[in-house]
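Reading the structure
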6 protein chains.
Amino acid sequence: MVYLTRRERFSAAHRLFNSELTDEENEQIYGPCANPNWHGHNYILWVTIKGEVNPGTGYVVDLKQLSQIIRKKVIAKLDHKNINTEVTFMKDKFVSTENLAIGIWNELDPSIRMLNVELHSVKIMETENNTVEYLGK
Amino acid sequence: MVYLTRRERFSAAHRLFNSELTDEENEQIYGPCANPNWHGHNYILWVTIKGEVNPGTGYVVDLKQLSQIIRKKVIAKLDHKNINTEVTFMKDKFVSTENLAIGIWNELDPSIRMLNVELHSVKIMETENNTVEYLGK
Amino acid sequence: MVYLTRRERFSAAHRLFNSELTDEENEQIYGPCANPNWHGHNYILWVTIKGEVNPGTGYVVDLKQLSQIIRKKVIAKLDHKNINTEVTFMKDKFVSTENLAIGIWNELDPSIRMLNVELHSVKIMETENNTVEYLGK
Amino acid sequence: MVYLTRRERFSAAHRLFNSELTDEENEQIYGPCANPNWHGHNYILWVTIKGEVNPGTGYVVDLKQLSQIIRKKVIAKLDHKNINTEVTFMKDKFVSTENLAIGIWNELDPSIRMLNVELHSVKIMETENNTVEYLGK
Amino acid sequence: MVYLTRRERFSAAHRLFNSELTDEENEQIYGPCANPNWHGHNYILWVTIKGEVNPGTGYVVDLKQLSQIIRKKVIAKLDHKNINTEVTFMKDKFVSTENLAIGIWNELDPSIRMLNVELHSVKIMETENNTVEYLGK
Amino acid sequence: MVYLTRRERFSAAHRLFNSELTDEENEQIYGPCANPNWHGHNYILWVTIKGEVNPGTGYVVDLKQLSQIIRKKVIAKLDHKNINTEVTFMKDKFVSTENLAIGIWNELDPSIRMLNVELHSVKIMETENNTVEYLGK
């Protein structure tokens, strides 16, 4: 069993807020992250899959293929977007990095299963000090 | 003459567009950077000053003091903000990294002169592949 | 279950030595790390907690709160200090990175439990080539 | 139980190909990685061992000793070499990063057992976007 | 005048040697870099141009356009290649990083002039400890 | 003219203080950096030389030779040392990064001249946010 990690990147705008609260209440909970005019990040995404090494190719999975899945299913939907208003799979969710990791997992999992390997981890670095990882359960 | 560089960081939303053009025309010029719903970045800012070493302290300038100036004059105005709509010193400018570097230079220069040292460079990394530097002329 | 990692940094002096041995014997075991005049490092600390996403906030835990705990319980005691002589929780221990990771775990664990999440990992990078991780058991 | 990670680096040439296929077929499967004239990488290797902290030294294991084992058993055989033609432990294997991680594990495991600690992970970064990890099973 | 830097990457094989010397003599001068079986690197390339900010776009130059020039003129010729045997612009030169920087400058300069900006610097990092920069004179 | 940069690293203890002032006065000026019990850093040092490419070797200068000079003249004196009490070339100076850069320049310059190249820059990163560069005048 070998673990393979592909790194991809996207830049996006978001804000943290609860639509049932006032701007003042949101700022109390989320601080400057609640700014109604948005802010943004360069997100770094690491997707790790695990599987056996294919004896015919030496690969667990072709990294180009894995990269294409991540780009099509995730990066194309997030890069240079507003995560709150433009990303279908985050609709009606708090746009926290935690929920983003879970959302990305759900976007990727079906396609990665079709490669006959297992999705192991979705990790997102939002800033150099803050990172979130989801292992699917 | 010694060069001293302080690194600071900010996360902000922006878009690139010309208000005299349509959304379609803007997208032709600026691509996904023109997205009317904004996107954002983790910007890294390096401010370099130059001066003689103070024989009484061993410092060119107290880095804490330099950091405070950068935070007060620049970071507080940019971090978790929308650069297009909330940053006075970028008003009526294209929010390119080039113009941001020039704008930051102009914000910092008067305060740094008061420390009796010279502002040498303002460098901004917008993504790990794109960096802009302005030397004041 | 989501894993959240906060990075913090501290700069400190230390030396490795066994007080029951001579300087020569200590140098044989610990090499230049035994230097009686001290040396030091920029330590990077990653603290990972795990927990469920709070459906009301989208957070596992407020990262600002986590950061404040780490700064109060750990960074304030270590940053710009001599780990051998000034850090109560390392008293009478070998100041190896291994023991430092265990010591930091013990400092953090009670406060992190009070956030209703679990401390998962304390990881310390002493130099870019040497890293230690402790998972609490 | 504490985990200790040592980072080492090596620069090497390789190509990906199946000797039973034509150059054209290899290029179809492996793309530019199949170039018969070779290409190369700066590989970063992280070796993680786990064990109890020795109460007499504060160490799980002397990192210098661990580094010497990695350099003797792995780096000396790989650095500035052609992995396909000069590395005995990769003979008759596809020179994928997956197989390289397994090969390095097998080179290191016996020596690391003699230190009375357990090899936990061999991780290789081939490019900043591609990383492979092997945990021994 | 603003400086704009674009980072690109390529992985390639090479060796250092003087074709008029024996393998033994080459190894004496170039050490393991002379290995006749090749070795390789992940090269990082930073190309810096300088120019005035275009008042109509906010750009010195469109970074996508700059990136396309670098990819077409340089990366496509170097990535996953053997620099000694496959790269026309390095033919009959010692494949040192110094000569590679000069060669890349000469490949880029005419196209960058056509953008009405000036090529300022070509910088190549061969390993994390070794970097070369060429300023065109 | 090509610029060649060699990176080296050292870990050392130091404190900032003026021996004519009291501990309280030193703490007012230098803050926690004045701690009489020392603190320390992982310093990163970049030494840049400039010169013509030697047509016989393709090198400006042999990087191994440059590295050996830096290690012998600088790293051996600083690594795992107390810069205030053990480093002859810093004797009776404030151990600021500014003075350290000037001191390292003076240690290196004569040996580098003997290689028939010119020392261009000594740059020291003390923490990831603070960097000092000295160009020799």
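Rules used throughout
Residues numbered from 1 in each chain as written. Chains lettered and ligands numbered in written order. Predicted model: local features only at pLDDT ≥ 70, side-chain atom pairs only at ≥ 80, totals over all residues. Heavy atoms only, no water. Buried < 20%, exposed > 50% of the residue type's maximum accessible area, 1.4 Å probe, protein only. Helix = DSSP H or I, 4+ residues; strand = E, 2+ residues; numbered from the N terminus. Pairing = 2+ DSSP bridges. Salt bridge = Lys/Arg side-chain N within 4 Å of Asp/Glu carboxyl O. Least-squares fit on C-alpha atoms with pLDDT ≥ 70 in both. Contact = heavy atoms within 4.5 Å. Buried area = accessible area lost by both parts, 1.4 Å probe. Nonpolar A, V, L, I, M, F, W, Y, C, P; charged D, E, K, R; others polar. Polar contact = N/O pair within 3.5 Å; in protein donor to acceptor, adjacent residues only side chain to side chain. 1 Å grid on protein atoms, 1.4 Å probe; cavity = no way out; pocket = protein on both sides within 12 Å on 5 of 7 lines; lining within 4 Å. Points joined across faces, edges and corners; volume = space filled by probe spheres on them. Axes fitted to C-alpha atoms, helices over the stretch in contact; angles between N-to-C directions. Parallel < 35°, antiparallel > 145°, perpendicular 65-115°, else oblique. Left-handed = near helix turned anticlockwise from the far one by under 90°. pLDDT = per-residue confidence, 0-100.

1. Observations concerning the pairing of strand E2 (residues 39–51) of chain E
Residue and element names in this part refer to chain E. Within E2, twelve of the 13 residues are buried, leaving the element largely enclosed by the surrounding structure. Across 13 bridges, the pairing between strand E1 (residues 2–14) and E2 is antiparallel. Within E2, the residue paired with Glu8 across the bridge is Leu45. When E2 meets strand E4 (residues 118–127), the two strands line up antiparallel, connected through seven bridges. Bridging from a neighbouring strand, Ile49 pairs with Leu119 of E4.

2. So, the pattern of salt bridges
Throughout the structure, instances matching the rule amount to 46 salt bridges over all chains. Between Glu128(A) and Arg9(B) there is a salt bridge; the shortest N-O distance is 3.5 Å. Taken together, the residues span two chains, with Glu128(A) in the loop between strand E4 (118–127) and strand E5 (130–134) and Arg9(B) in strand E1 (residues 2–14). Residue classification places Glu128(A) among the partly exposed positions, given a relative accessible area of 22%. Each member of the salt-bridge network shares a partner with another, and the members are Arg7(A), Arg9(A), Glu128(B), Glu128(D), Arg7(E) and Arg9(E).

3. So, the relation of the copies chain F and chain C
For the pair chain F and chain C, the best superposition has an RMSD of 0.0 Å and corresponds to a rotation of 180° with a translation of 0.0 Å parallel to the axis. Classification of the inter-copy transformation places it as that of a two-fold axis. Interface overlap between copies is the fraction of interface residues in one copy that are interface residues in the other; for chain F against chain C it reaches 100%, indicating a shared surface.

4. Here's the deal with the interface of chain F and chain C
In this assembly, 23 residues from chain F lie in contact with 23 residues from chain C. Approximately 1,800 Å² of surface area, both sides summed, lies buried where chain F meets chain C, with 41% of it carried by carbon and sulfur atoms. The tally of links from chain F across to chain C stands at four salt bridges. Glu128(C) is the partner of Arg7(F) in a salt bridge, and the nearest nitrogen-oxygen pair spans 2.6 Å. Tallying contributions element by element places strand E1 (residues 2–14) of chain F first for the side of chain F that touches chain C, with five residues. Counted by class, the side of chain F that touches chain C contains five nonpolar, twelve polar and six charged residues.

5. Some words on the interface of chain B and chain A
Where interface size is given, it is often the accessible area lost as the parts come together that is meant. If you look at the interface, chain B gives 23 residues, while chain A gives 23 residues. Both faces considered, chain B and chain A share a buried interface measuring about 1,800 Å² in area, 41% of it formed by carbon and sulfur atoms. On the chain B side of the interface with chain A, the three residues burying the most area are Asn42(B), His80(B) and Glu128(B), jointly 31% of the side's total. Where chain B packs against chain A, one counts four salt bridges. Taken together, the elements giving at least two residues each to the side of chain B that touches chain A come down to E1, strand E2 (39–51), strand E3 (81–82), helix H3 (83–86) and strand E4 (118–127) of chain B. With five residues, E1(B) is the largest single contributor of residues to the side of chain B that touches chain A.

6. Thoughts on the environment of Asn54(A)
Residue and element names in this part refer to chain A. Along the chain, the position of Asn54 falls in the loop between strand E2 (39–51) and helix H2 (63–78). Using a relative accessible area of 35% as the deciding quantity, one classes Asn54 as partly exposed. Within the structure, Asn54 has its side chain in polar contact with the backbone nitrogen of Gly56 (distance 2.7 Å).

7. What to know about the arrangement of the chains
At no point do chain B and chain C touch; the closest pair of C-alpha atoms across them sits 15 Å apart. Between chain A and chain E there is no contact; the minimum C-alpha to C-alpha separation amounts to 15 Å.

8. Side note on the layout of surface pockets
Residues and elements named next belong to chain F. Considering only enclosed or pocket space, the second largest pocket measures out at about 310 Å³ in volume. Lining the second largest pocket we find 16 residues, and of these Phe17, Asn84, Lys91, Asp92 and Lys93 sit closest to its centre. Looking at side-chain class alone, the lining of the second largest pocket contains six nonpolar, five polar and five charged residues.

9. Notes on the packing of H2(A) against helix H4 (residues 97–113) of chain A
All names here are of chain A. Between H2 and H4, the least distance of the axes is 10 Å, while the angle of their chain directions is 140°. For the element pair H2 / H4, the angle class is oblique. For the pair H2 and H4, the sense of crossing is right-handed. The residues of H4 that touch H2, namely those facing Leu66, Ile69, Ile70, Lys73, Val74, Lys77 and Leu78, are Leu100, Ile104, Glu107, Leu108, Ser111 and Ile112.

10. Quick word on the environment of Glu86(B)
Inspection of the secondary structure assignment puts Glu86(B) in helix H3. By relative accessible area, Glu86(B) is classed as partly exposed at 26%. In this structure the C-alpha to C-alpha distance between Glu86(B) and Val132(B), which are 46 residues apart in sequence, comes to 22 Å. Sequence-distant contacts of Glu86(B), defined by excluding residues within four places in its chain, comprise Asn35(A), Asn37(A) and Lys81(B). A distance of 2.8 Å separates polar atoms of two side chains, one belonging to Glu86(B) and the other to Asn35(A). Separated by 2.7 Å, the side chains of Glu86(B) and Asn37(A) make a polar contact.

11. Considerations on unusual backbone geometry
Unlike most non-glycine residues, His80(B) shows phi in positive territory, near 60°. Tracing the backbone through its elements, the reader meets His80(B) in the loop between helix H2 (63–78) and E3. Unlike most non-glycine residues, Asp92(D) shows phi in positive territory, near 65°. Relative to the elements of secondary structure, Asp92(D) occurs in the loop between helix H3 (83–86) and helix H4 (97–113).

12. Structural notes on the confidence of the model for chain A
On average, residues of chain A carry a pLDDT of 97, and 100% of them reach 70 or more. Predicted complex metrics record ipTM = 0.95 and pTM = 0.97.

13. What about the pairing of E4(A)?
All names here are of chain A. As defined by bridge partners, E4 adjoins E5 across five bridges and the pair is classed as antiparallel. Paired with Ile124 across the strands is Val132, a residue of E5. Once E4 ends, the chain turns through two residues before running back antiparallel as E5.

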